[in-house]
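Read off the chains here:
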Amino acid sequence: MSPEAKAKGGSIVHLGAGALSGMTSCVLLQPFDLLKTRVQQSHMQGTGRGSVLQVLRTVVQSEGVRGLWRGTIPTLLRNAPGTSLYFYFLNHTKTLSLTAERRILGDAQRSKLSAASNMLVGASSRALAGFLLMPGTVLKVQYESSLYRYKGMMPAVMEIWRSGGFRGFFVGAVPTAIRDAPYAGLYMLLYESVKSYERAFAEGRGISLRETTVTMVAGVSAGLTASYLTQPFDLVKTRMQLRPREYTSVAQSFVKIFREETILGFFRGISLRVLRKGIQASLVFTLYEWVLRTNAAKNSAPSTALKA
């Protein structure tokens, strides 16, 4: 097989692995996303802080258990291709960054990226994928909210276009990028660091760890930490996408939230986001790397993914 064919096949595998992991996590974890959006909108409805249990009870009573999965379709339309593109960009930027480090450092045998490169690769890949899928993000958030009662995908798209035009599909793009880029950068740095520590710890004590265990532990640890540190931007993003006329810019939104809700307002829905992100990150990366390993074993050739 020619190098071009191998590269094409490798890209397809990364896209497919990302899509599979993204779809699986979306369906399983949609209730967390919906509840987070409802908790973050509670102040705008004048319902006070609104605990997770109160919001859960309200959703189930008014919409039934199925209501917890409201917005699953727009979430899939956004996250499945979004995760797929993220891993596609991640694979290629990792390869480019490693090649650059080898040339700069004069080390042709180098097989690991530096901590700074891991952060840059993760941040740039997530920011690019997030921007391309921004219209899906706006649609997803409004679908999950009880402030909008769309009867279908097309009515939702037409209403967003009517009220905001083309720009309406990119409301909250700046806080989304500010949230996603640091999140992904921190995530990649922590993910690779925790994996290396796990392997070194196990080898030093003669313990045999399954690769699935290594990736799951690293995924949860990195996801929880990165989610907590970027939470304020997630809340600002949601407010701007739900009430663009009230929350008109990143700076104005930060000031408005701080004045009306104090510093604690930025952490509405934090428990749901941290829990969902930790589970999602672990699940997504574990499935992704499992698909790559399975494909590599099937073809009796090394995976195109860079080993940590």
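As recorded by an unreviewed UniProt entry, the chain carries the name Mitochondrial glycine transporter and is attributed to Coemansia aciculifera.

So, on to the overall build of the chain. A count of helical and extended segments in the chain gives 11 helices and 0 strands. In terms of overall size, the chain behaves like a compact globule, its C-alpha atoms giving a radius of gyration of 20 Å where 308 residues would be expected to give roughly 19 Å. Principal-axis analysis of the C-alpha atoms places the extent of the chain at approximately 60 × 40 × 40 Å. Looking at the 308 residues of the chain, the share that counts as buried comes to 47%. Taking the contacts inside the chain whose residues are at least 6 apart along the sequence as the reference set, 78% of them involve residues at least 24 apart.

Taken together, the side chains of Val-27, Val-60, Val-65 and Trp-69 make up a nonpolar region of the molecular surface, amounting to roughly 320 Å² of accessible area. With respect to the helices and strands, Val-60 occurs in helix α2 (residues 52-63).

Contact pair helix α3 (residues 72-105) / helix α11 (residues 270-299): the axes reach a minimum separation of 13 Å and the direction vectors enclose 60°. The angle between α3 and α11 falls in the class oblique. Classified by chirality, the crossing of α11 by α3 is right-handed. Contact with α3, carried on its side by Asn-79, Thr-83, Tyr-86, Phe-87, Leu-90 and Asn-91, involves Gln-280, Val-284, Phe-285 and Tyr-288 of α11 and no other residues of that element. Looking at the contact of α3 with α11 residue by residue, the class counts come to 6 nonpolar, 4 polar and no charged.

Bringing the UniProt feature "repeat: Solcar" (unreviewed entry) in the chain into the picture now. Mapped onto the present numbering, the UniProt feature "repeat: Solcar" (unreviewed entry) falls on residues 9-96, 113-197 and 210-294. When the span residues 113-197 is considered, its composition is 78% helix and 0% strand, and the gap between its end C-alpha atoms is 15 Å.

To continue, consider the pattern of salt bridges. All told, the structure shown has 17 salt bridges when counted by the stated rule. Among the ionic pairs, Glu-159 bridges to Arg-162, the shortest N-O distance being 2.6 Å. Of this pair, Glu-159 and Arg-162 both sit in helix α6 (residues 153-164), 3 residues apart, roughly one helical turn. Residue Arg-239 is joined to Glu-261 by a salt bridge in which the shortest nitrogen-to-oxygen separation is 2.8 Å. Placement of the pair is Arg-239 in helix α9 (residues 231-242) and Glu-261 in helix α10 (residues 250-261), with a sequence separation of 22 residues. Both residues of the pair, Arg-239 and Glu-261, belong to the buried class.

Turning next to unusual backbone geometry. Here the phi dihedral of Thr-262 falls at roughly 65°; this positive angle occurs in a residue that is not glycine. Mapped onto the elements of the fold, Thr-262 is located in the loop between α10 and α11. Taking relative accessible area as the criterion, Thr-262 reaches 41% and is therefore assigned partly exposed.

Under the criterion given, the structure shown has 12 aromatic pairs. Here the aromatic rings of Tyr-183 and Tyr-187 are separated by 6.1 Å at their centres, their planes lie at 25°, and the arrangement is stacked. Taken as a pair, Tyr-183 and Tyr-187 lie in helix α7 (residues 173-204) at a separation of 4 residues, close to a single helical turn. For Tyr-183, a relative accessible area of 6% translates into the label buried. Using a relative accessible area of 2% as the deciding quantity, one classes Tyr-187 as buried. Through a chain of ring-to-ring contacts, three or more aromatic side chains come together here, namely Phe-131, Phe-166 and Phe-170. The ring of Tyr-86 has Arg-126 lying over it, and the distance from NZ or CZ to the ring centre is 3.9 Å. The ring of Tyr-247 carries the charged tip of Lys-256 above its face, separated from the ring centre by 5.3 Å.

Membership of the largest hydrophobic core comes to 24 residues, with the highest contact counts inside it found for Tyr-86, Phe-87, Leu-90, Tyr-187, Met-188, Tyr-191 and Phe-285. Elements that contribute at least two residues to this core include exactly α1 (3-41), α3, α4 (115-132), α7, α8 (211-229) and α11. At 6 residues, the largest contribution of residues to this core is made by α11. Dropping the residues within four chain positions of it, Leu-90 is found in contact with Val-121, Gly-122, Ser-125, Met-188 and Phe-285. Residues Val-138, Val-141, Ile-160 and Ala-173 belong to the second largest nonpolar core, which totals 12 residues.

Rules used in this analysis
- Residues numbered from 1 in each chain as written.
- Predicted model: local features only at pLDDT ≥ 70, side-chain atom pairs only at ≥ 80, totals over all residues.
- Heavy atoms only, no water.
- Helix = DSSP H or I, 4+ residues; strand = E, 2+ residues; numbered from the N terminus.
- Rg over C-alpha atoms; globule rule 2.2 N^0.38 Å.
- Buried < 20%, exposed > 50% of the residue type's maximum accessible area, 1.4 Å probe, protein only.
- Contact = heavy atoms within 4.5 Å.
- Patch = residues over 30% accessible without salt bridge, like charges linked within 9 Å, V, L, I, M, F, W, Y side chains within 5 Å.
- Areas by Shrake-Rupley, 256 points an atom, 1.4 Å probe, with all protein chains shown as cover.
- Salt bridge = Lys/Arg side-chain N within 4 Å of Asp/Glu carboxyl O.
- Axes fitted to C-alpha atoms, helices over the stretch in contact; angles between N-to-C directions.
- Parallel < 35°, antiparallel > 145°, perpendicular 65-115°, else oblique.
- Left-handed = near helix turned anticlockwise from the far one by under 90°.
- Nonpolar A, V, L, I, M, F, W, Y, C, P; charged D, E, K, R; others polar.
- UniProt positions renumbered as here; feature names shortened; annotations may be inferred.
- Phe/Tyr/Trp six-rings, centres within 6.5 Å; stacked < 30°, edge-to-face > 60°.
- Lys NZ or Arg CZ within 6 Å of the ring centre and 35° of its normal.
- Core = buried A, V, L, I, M, F, W, Y, C linked by side-chain atoms within 4.5 Å.

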